[in-house]
Amino acid sequence: MIDLSHLRADFPILHQQVNGQPLVYFDNAASSQKPRAVIDSLVHYYEHDNANVHRGLHALSNRATDAFESAREKLARFIGAASPEEVIFTRGTTESINLVANIWASEFLKPGDIILYTGMEHHSNLVPWQLAAKRSGASVQHIPVLEDGTLDLENINALLTEQVKLFTCVHVSNSLGTINPVKELCARARALGITTLIDGAQAVGHMPVNVQDIGCDFYVFSGHKMCAPTGIGGLYGRAEVLAKMPPWHGGGEMIDLVTLETSTYKAAPARFEAGTPDIAGVIGLGAAIDYLETIGIDRIHEHGAALTSYAMQRLTELPGIRILGPATGDRGSLTAFHLASAHPHDLVEFANTHGLALRGGHHCTQPLMKRFQIPGSSRASFYFYNTTAEIDRMMEILHRAVTFFS
Ligand code: C6P
């Protein structure tokens, strides 16, 4: 396994005790920690360049605009978009999906159409489509999940039909760690003229992502899961698709001309970014990408896969454990499990008393918990600053928990 432990020095928050024990932070799928370089970029912006973007003709506004637009360019390159104009800044995955489910759907969904998603989607990629279906008279269908945590694609030809207008799928499941074959699924959908949206919340910043290679129409993600501040994220939209979409929020910066009767609108991305954006957040996201690129996304992916495989191997030591998701193959950098002896909430509280941050519950995937007939799961999710020594520490604590709850 490659050793990235020296990078821990870049994360001030990791060097603390929780409940008298050294912090082990294994809740990265909920939100990652932030390196000093990202924190410093926010301080630098507020101390030197703070001004509104795209509006001013003065030095501070020009500097803020340059930093803001340069972050868009970095992001476009990082996810393999054809141009920065295909990248829209949003508050994150949830807002990006809601944008498409409101704006694209209002234009293109009609009664009788089908929205196809999968049984392993986060609520953020279910509820907006259910709302869109209700508004438009379309219906929703799903691809089932197999016992091993992969998609059941046996009947895909019966599900992915010409009646489907939108197909959406999570790239990496936040509850199973499954990496879905999004490229193959998008190619099938595209052949039928179906618009596609991929939820990359657990993929961007953890593994190489290239939206052109995937061949999707939309790709959504959150900055806070990839070292950037909270409140900032992105929506990739293929230029041709964005050009056909009406505006989202109305307000400043998204218009060409406004009269008292009517308005005309700018092209993407400005058309979808009304009002003053989260300038500091965007600059922080740019700094996060710089930071991740100095490490290398392949190394980050390799390290996450090695940690996950080590954790999964060690977790089998625990009596009565059920590990969710694929047992072999490439996985996202997380592992979720259910212990017969303890409710996930009790287990996570016990872990916290020992300084270990896990997440317990349904992880905003209630249909998946129902599918596996469990009330929820406990989840350890890793990032490049985590170590095998921390997994060993987790195992000590989990062994104690098994004794405690039995
Ligand atoms: N999952 C987790 O602990 P936001 O909240 O908009 O940044 O991301 C929503 C979201 C959408 N899709 C997937 C696959 C996700 O994992 C998440 C966020 C967190 O698993 C919070 S529930």
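Thresholds applied
Numbering of residues begins from 1 in every chain and follows the order in which that chain's sequence is written. A pLDDT threshold of at least 70 governs which residues receive local features in this predicted model, and a stricter bar of 80 or more applies before side-chain atom pairs are shown or counted, although totals over entire chains, interfaces and linings include all residues. Side-chain measures here rest on the full set of heavy atoms in the structure, leaving out hydrogens and waters. Here a Phe, Tyr or Trp ring, Trp counted by its six-membered ring, pairs with any other such ring whose centre lies within 6.5 Å, and the pair is stacked when the planes are under 30 degrees apart, edge-to-face when over 60, and tilted otherwise. For helices the rule is a DSSP run of H or I covering at least 4 residues; for strands it is a run of E covering at least 2, with both sets numbered from the N terminus onward. For the exposure calls, accessible area comes from a 1.4 Å probe over protein chains only, and a residue counts as buried if that area is under 20% of its type's maximum, exposed if over 50%, partly exposed in between. Whether a residue is near a molecule or strand is decided by its heavy atoms; if any one of them lies within 4 Å of it, the residue is near. Between N or O atoms, a polar contact is any pair within 3.5 Å; within protein, one atom must be a potential hydrogen donor and the other a potential acceptor, and residues adjacent in sequence are included only when both atoms are from side chains. Shrake-Rupley sampling with a 1.4 Å probe provides the accessible areas, and residues are treated as covered by the protein chains on show and by no other component. Under the scheme applied here, ten amino acids are nonpolar (Ala, Val, Leu, Ile, Met, Phe, Trp, Tyr, Cys and Pro), four are charged (Asp, Glu, Lys and Arg), and all others, including Gly, are polar. To estimate the expected span of a helix, count its residues, drop one, and scale the result by 1.5 Å. Think of the arc as the fan of directions from the helix axis to the C-beta atoms. Residue contacts are defined here by distance: any two heavy atoms, one from each residue, within 4.5 Å place the two residues in contact. What makes a nonpolar core is a set of buried Ala, Val, Leu, Ile, Met, Phe, Trp, Tyr and Cys residues whose side-chain atoms join them at distances within 4.5 Å. What makes two strands pair is DSSP finding at least two bridges between them. All axes here are fitted lines through C-alpha atoms, helices being fitted over the stretch that makes contact, and every angle between N-to-C directions spans 0 to 180 degrees.

Engineer: Just checking my understanding: could you explain the packing of aromatic side chains for this structure?
Structural biologist: The geometry of an aromatic ring pair comes down to the distance between the two centres and the angle between the two planes. What the rule picks out here adds up to 14 aromatic pairs. A ring pair is formed by Trp104 and Phe108, whose centres lie 5.5 Å apart and whose planes are at 35 degrees; its orientation type is tilted. Here Phe108 and Trp104 lie together in helix 3 (residues 93–108), a separation of four residues that amounts to about one turn. Since its relative accessible area comes to 32%, Phe108 is described here as partly exposed. Both rings, one in Tyr383 and one in Phe384, keep their centres 4.5 Å apart while their planes meet at 55 degrees; by these two values the pair is tilted. Comparing Tyr383 with Phe384 shows no difference in burial state: the two are buried. Ring pairs connect the aromatic residues Phe11, Tyr291, Tyr383, Phe384 and Tyr385, which therefore count as one cluster.

Engineer: When you look at the site of the ligand in this model, what are you seeing that I'm missing?
Structural biologist: Not every one of the 17 residues close to the ligand is listed here, only the nearest: Thr94, Asp199, Gln202, Ser222 and Arg359. Note that a nitrogen atom of the ligand is positioned 3.5 Å from one of the side-chain N or O atoms of His122. Note that an oxygen atom of the ligand is positioned 2.7 Å from one of the side-chain N or O atoms of Gln202. Protein chains shield 88% of the accessible area of the ligand, which is 510 Å² for the free molecule. Residues of the shell around the ligand, tallied by class, amount to five nonpolar, eight polar and four charged.

Engineer: I tried to follow helix 10 (residues 297–315) on my own but got confused; where do I start?
Structural biologist: Owing to its 3.6 residues per turn, the α-helix aligns residues three or four sequence positions apart on the same side. Compared with an ideal rise of 1.5 Å per residue, which puts 19 residues at 27 Å, helix 10 spans 27 Å between its outermost C-alpha atoms and is within 8% of the ideal. All of the buried residues in helix 10 are Ile297, Ile300, His301, His303, Gly304, Leu307, Thr308, Ala311, Met312, Arg314 and Leu315. Down the axis of helix 10, the smallest arc covering the buried residues is 165 degrees, so these residues share one side. With respect to the buried face of helix 10, the exposed residues turned more than 90 degrees away are Asp298 and Gln313. Taken together, the buried residues of helix 10 touch helix 2 (59–79), helix 9 (279–295), strand 13 (321–323), strand 14 (334–339) and helix 13 (388–405).

Engineer: Is there a simple way to explain the nonpolar core in this structure?
Structural biologist: Counting residues in hydrophobic clusters, the biggest one holds 77 residues, and the most contacted among them are Ile79, Phe167, Tyr219, Met226 and Phe384. For this core, the leading source of residues is helix 9, giving eleven residues. In contact with Ile79, not counting residues within four places along its chain, are Val87, Val204, Val209, Asn210, Val211, Phe221 and Tyr236. Counting 25 residues, the second largest nonpolar core, distinct from the first, contains Leu99, Leu109, Leu197 and Leu242.

Engineer: Sorry if this is basic, but what is going on with the pairing of strand 11 (residues 255–258) here?
Structural biologist: Each regular strand displays side chains that alternate between the two surfaces of the sheet. In the sheet, strand 11 pairs with strand 12 (residues 263–265) via three bridges, with the strands oriented antiparallel. Bridge pairing in strand 12 places Ile255 opposite Tyr265. Hairpin connection from strand 11 to strand 12: four residues lie between these consecutive antiparallel strands.

Engineer: Explanation requested: the side chain of Asp217 in the structure shown.
Structural biologist: Note on placement: Asp217 falls in the loop between helix 7 (211–214) and strand 9 (218–222). Residue Asp217 is classed as buried on the basis of its relative accessible area, which comes to 5%. A distance of 2.8 Å separates the side chain of Asp217 from the side chain of Arg238, its partner in a polar contact. The contact partners of Asp217, leaving out residues within four places of it in the chain, are Ile194, Thr195, Thr196, Tyr236, Gly237, Arg238 and Val241.

Engineer: What is the right way to look at the sheet that holds strand 13 in this model?
Structural biologist: To summarise the sheet geometry, strands pair through backbone hydrogen bonds and adopt either a parallel or an antiparallel arrangement. One open sheet holds the four strands; their spatial order is 13-14-17-16, and the pairing between them is antiparallel. Looking at the sheet topology across the chains shown, the edges are occupied by strand 13 and strand 16 (359–361). Neighbour to neighbour, the strand axes of the sheet diverge by 30 degrees on average, direction disregarded. Sheet analysis places strand 13 next to strand 14, joined by three bridges and oriented antiparallel. By the bridge assignment for strand 14, Ile321 is matched with Leu339.

Engineer: Looking at this structure, how should I read the environment of Ile156?
Structural biologist: When you line up the elements, Ile156 lands in helix 5 (residues 156–159). Residue classification places Ile156 among the buried residues on the basis of a relative accessible area of 4%. The residues touching Ile156, leaving out its near neighbours within four places in the chain, are Ile143, Leu185 and Arg188.

Engineer: What exactly am I supposed to notice about the pairing of strand 7 (residues 164–170) here?
Structural biologist: In terms of burial, strand 7 is a largely internal element, six of the seven residues being buried. As defined by bridge partners, strand 5 (residues 114–118) adjoins strand 7 across three bridges and the pair is classed as parallel. Directly across from Ile115, in strand 7, lies its bridge partner Leu166. As paired elements, strand 7 and strand 8 (residues 195–199) share five bridges and run parallel to each other. Bridge pairing in strand 8 places Thr168 opposite Leu197.

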